[in-house]
Structure formats: C-alpha cells, structure tokens
Amino acid sequence: MSETEDPKPASTEPPAFTPSVPETDYTDGGVPTFDFVKDRIEKRAATAEGSTELAGLGTGQDMAALDKKIADRDEAAKDKLAEIRKAMRGE
C-alpha cells in the first residue's frame with residue numbers, strides 16, 4: 001500500500017447526536033411541580049380571557065348589544081316564518 005492511498009474512506013455519517021433530557025413536570029414521587037401547575041393555570045386563564053374577547057363579551061355593554069342582536073334575529077326569523085306560512089296558505 002502506498003502512502004497516498006487512504007486505507008479507510010472518510011465516513012459520511014454525521015456525528016452522533018445525544019439529545020439532552022428536559023426536566024420533567026413531575027417529581028419522582030409523581031407530584032406535579034409548582035411551575036407546571038402555575039403554567040397550566042395561566043394557560044387556562046389566558047384561554048378563558050381570549051374566548052371572552054373573541055365572543056365579544058368583554059363588558060356589560062357588549063352583553064346588552066349581543067342580547068339585542070339575538071332578539072332582533074329571533075324577531076326577523078319569526079317574521080320570515082309567518083311570511084312563508086302565508087305564502088303556503090295562498091294568502
């Protein structure tokens with residue numbers, strides 16, 4: 001074998017990757033950590049607040065406006081139903 005020849009070709013495999021293990025949300029005894037519980041509570045509170053904002057129910061004035069919209073829609077539906085019934089009777 002001559003000195004210019006490489007007896008082993010260079011490996012094309014990437015170097016081995018050893019992932020780090022994240023901290024668990026529970027102790028060895030199976031009890032949730034304080035941070036885990038705090039994060040869950042904050043997440044639920046944020047979800048509830050966001051749902052309220054999306055529904056447009058942030059204040060009492062918004063509730064009154066929503067109630068009026070629902071009442072107006074129900075009234076329009078009753079009027080349309082009455083109109084359809086009249087048309088079906090031939091009036």
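Relevant structure appears above.
Residues numbered from 1 in each chain as written. Predicted model: local features only at pLDDT ≥ 70, side-chain atom pairs only at ≥ 80, totals over all residues. Heavy atoms only, no water.

### Re the overall build of the protein
So, step 1. When its secondary structure is counted, the protein shows 2 helices and 0 strands.
So, step 2. Entry remark: accessible area of the protein is about 8,900 Å², with carbon and sulfur atoms responsible for 57%. (Helix = DSSP H or I, 4+ residues; strand = E, 2+ residues; numbered from the N terminus. Areas by Shrake-Rupley, 256 points an atom, 1.4 Å probe, with all protein chains shown as cover.)

### A short note on the pattern of salt bridges
Two side chains with opposite charge may pair up if their charged atoms get near one another.
So, step 1. Tallied over the entire structure, the rule returns 2 salt bridges.
So, step 2. The salt bridge partner of Lys68 is Asp72, with a shortest N-O separation of 3.3 Å. Residue Lys68 and its partner Asp72 are located together in helix H2 (residues 60-89), separated by 4 residues, close to a single helical turn.
So, step 3. The salt bridge involving Lys80 is made with Glu83; its shortest N-O contact spans 3.8 Å. With a gap of 3 residues between them, Lys80 and Glu83 both fall in helix H2, about one helical turn apart.
So, step 4. Relative accessible area serves as the criterion here: at 46%, Lys80 is assigned to the partly exposed category. (Salt bridge = Lys/Arg side-chain N within 4 Å of Asp/Glu carboxyl O. Buried < 20%, exposed > 50% of the residue type's maximum accessible area, 1.4 Å probe, protein only.)

### Description of the packing of aromatic side chains
So, step 1. Going through the model one piece at a time under the given rule, you end up with 1 aromatic pair.
So, step 2. Centre to centre, the rings of Tyr26 and Phe36 are 5.3 Å apart; their planes meet at 50°, and the pair counts as tilted. Linking Tyr26 in the segment before helix H1 (34-55) with Phe36 in helix H1, this pair joins segments that are 10 residues apart in sequence. (Phe/Tyr/Trp six-rings, centres within 6.5 Å; stacked < 30°, edge-to-face > 60°.)

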